[in-house]
Every structure is written in structure tokens, then in C-alpha cells.
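These are the residues of each chain, in order.
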Amino acid sequence: MARTALRTRTAKSGRRRTAAAPRGRRPLPLPVRLLVMALAFAAMVAFAAALARVTLEPSPASRALVHSNLHPGRSLRAYLDQPETRDAVKQIGGNILLGVPFGILLPILAPGTRGLLRVGLATAVVMLLVELVQGALVTGRAFDIDDVILNTTGALLGYLLLGRRLGRAVHAARRSKSS
């Protein structure tokens, strides 16, 4: 026998009302979901091309910092010690903004990556690989752990601001095995 969950509320008049408990959110209709996923895929491809261009070409701004940084916070301090605040904002803000698309697009394209921890882990792994390639193959670039941290922070912000809602709208809520 199936049970239905009921909630009882008391109105200001003192009368009790009974309403069915809300069920899991329903996803968007299939054609809309497919369109959103196709757009998200195109955006991810464009983002990957932009990421490759930004990170895999030598940068005049980072020539003075062409050494590997394995100590979190070291290059952040170097950015903040620069005489031009604009340069620090550009470096730090740019690295944060570089991660935001991951936080928005991953929950749409890969429902298994929904969740703050999973988005953070997936972004950290991808950005770690980008930094390794950058340090090993690109002249004028070096591995920097602070870039990985800032990119991951950006992805988490993107997930919290928009990715979580979009992921829930596109994909059905997971059903528990006890239902």
C-alpha cells in the first residue's frame, strides 16, 4: 500500500489545512533539455578553445614569474605586491573567472558531477592537468598551484550562483532506492 505524505498547516484563523508534500522537482521537457544540453556542449567547446588559447600561449605578464610554484599563496602575494593594482586584479580575477564556466556547465553536461565537492574535484583535476601541460610544454609559462586554487574557487562560485539550479532544471532529481 502506497503512503502519501501529508503536511498539516494551521492558518491564521486557526483552521487546519492539509496539503500534499512537494515532490522532487520535475526536469524541463525533453526537447528543451536536449536544446540546453546542446548549447551547454557548444559553450564547453568554446570555453575549452578559449582556455587553451589563454593558458597555452606565452604570457608577457607572467614572464617575471616563470618558475614553478608548489606553495599555495606564494604567487598571490607576488601579484598583490605589484605596484599596479590593476595587474593583481587582472591575474587573480582572471583566474577566478576562468573557472566559472566549469561550475555552470559541468552539472548540465555530466549529471554525475552535480554537487559542490564533485564540481570542485573535477575542476581541480582538469586545471591541474592544464597547469602541468603549461609548465612542461609552454615557453614562458610555469606550473602554479595558486592558479589551480583560483580556478577551482571560480568553478565553485559558478556552481553556487547558477550551475546548481541549471543542473536541477535539466536533469531529474535522483530517486532514492527506498521509494
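Owing to the predicted nature of the structure, the values given are computational and were not obtained by experimental measurement.

Here is what the cut-offs are and how they apply
- Residues numbered from 1 in each chain as written.
- Predicted model: local features only at pLDDT ≥ 70, side-chain atom pairs only at ≥ 80, totals over all residues.
- Heavy atoms only, no water.
- Helix = DSSP H or I, 4+ residues; strand = E, 2+ residues; numbered from the N terminus.
- Contact = heavy atoms within 4.5 Å.
- Areas by Shrake-Rupley, 256 points an atom, 1.4 Å probe, with all protein chains shown as cover.
- Expected span 1.5 Å × (residues − 1).
- Buried < 20%, exposed > 50% of the residue type's maximum accessible area, 1.4 Å probe, protein only.
- Arc of directions from axis to C-beta.
- pLDDT = per-residue confidence, 0-100.
- Patch = residues over 30% accessible without salt bridge, like charges linked within 9 Å, V, L, I, M, F, W, Y side chains within 5 Å.
- Salt bridge = Lys/Arg side-chain N within 4 Å of Asp/Glu carboxyl O.
- Lys, Arg positive; Asp, Glu negative; His and termini not counted.
- Polar contact = N/O pair within 3.5 Å; in protein donor to acceptor, adjacent residues only side chain to side chain.
- Phe/Tyr/Trp six-rings, centres within 6.5 Å; stacked < 30°, edge-to-face > 60°.

Student: What's the story with the overall build of the protein in this structure? I'm lost.
Tutor: Regarding its fold elements, the protein presents five helices and two strands. Going from N to C terminus, the protein has its helices and strands arranged as β-β-α-α-α-α-α. Long-range contacts, defined as pairs at least 24 residues apart, comprise 71% of the intrachain contacts of the protein with a sequence gap of at least 6. Accessible surface computed for the protein: about 12,100 Å², of which carbon and sulfur atoms make up 64%.

Student: Would you explain helix α4 (residues 116-137) in this entry?
Tutor: Residues three or four positions apart in an α-helix share a direction because the helix packs 3.6 residues into each turn. Along its 22 residues, α4 runs 31 Å from first to last C-alpha, staying within 8% of the 32 Å computed at 1.5 Å per residue. Of all the residues in α4, the buried ones are Val119, Gly120, Thr123, Met127, Val130, Glu131 and Gln134. One side of α4 holds all its buried residues, which, seen down the axis, span an arc of 100°. Turned more than 90 degrees off the buried face of α4, the exposed positions are Leu117, Leu121, Leu129, Ala136 and Leu137. Where α4 is buried, its residues touch α1 (30-55), α3 (85-109) and α5 (145-170).

Student: Can you help me understand the confidence of the model for the protein in this one?
Tutor: Close reading of the predicted structure is inappropriate where its pLDDT is low. Taken over all residues, the pLDDT of the protein has a mean of 80, while the share at 70 or more is 77%. Put simply, strand β1 (residues 6-10) is where the protein has its lowest mean pLDDT, 45, and α5 is where it has its highest, 93. Confidence over residues 1-11 falls short of pLDDT 50; this stretch has 21 contacts with residues more than four positions distant or in other chains. When the criterion is pLDDT under 50, residues 18-22 qualifies, and its contacts beyond four places in sequence or with other chains add up to 13 contacts.

Student: Got a minute to help me understand a nonpolar patch on the surface in this structure?
Tutor: A surface patch of nonpolar side chains, amounting to about 450 Å² of accessible area, comprises Leu121, Val125, Leu128, Leu129 and Leu132. Assignment of secondary structure puts Leu121 in helix α4.

Student: I'm lost on the side chain of Arg141 in this one. Help?
Tutor: Within the element layout of this structure, Arg141 appears in the loop between α4 and α5. For the buried Arg141, which has no salt bridge, the nearest side chain bearing the opposite charge is Asp147, at an N-O separation of 5.8 Å. Engagement of the side chain of Arg141 in a polar contact is seen with the backbone oxygen of Val54, the distance being 2.6 Å.

Student: How do you make sense of the environment of Tyr79 when you look at a structure like this?
Tutor: Within the fold, Tyr79 resides in helix α2 (residues 74-80). Separated by 13 residues in the primary sequence, Tyr79 and Ile92 have C-alpha atoms spaced 7.7 Å apart.

Student: Just checking my understanding: could you explain the packing of aromatic side chains for this structure?
Tutor: Aromatic rings considered in pairs are described by the distance between their centres and by the relative angle of their planes. All chains considered together, the criterion is met by one aromatic pair. Pairing Phe47 with Phe102 gives two aromatic rings, centres 5.3 Å apart and planes at 75°, and the pair type is edge-to-face. You can see Phe47 sitting in helix α1 and its partner Phe102 sitting in helix α3, a full 55 residues away along the chain.

Student: Which parts of the structure should I look at to understand the side chain of Arg114?
Tutor: Inspection of the secondary structure puts Arg114 in the loop between α3 and α4. In this structure Arg114 is buried but unpaired, with Glu131 as the nearest side chain of opposite charge at 28 Å. In terms of polar contacts, Arg114 uses its side chain to reach the backbone carbonyl oxygen of Gly167, at 3.3 Å.

Student: Looking at this model, I keep getting lost on the environment of Val126. Mind explaining?
Tutor: Within the secondary structure, Val126 sits in helix α4. When its relative accessible area of 29% is taken as the criterion, Val126 is described as partly exposed. Separated by 22 residues in sequence, Val126 and Val148 have C-alpha atoms that sit 8.9 Å apart.

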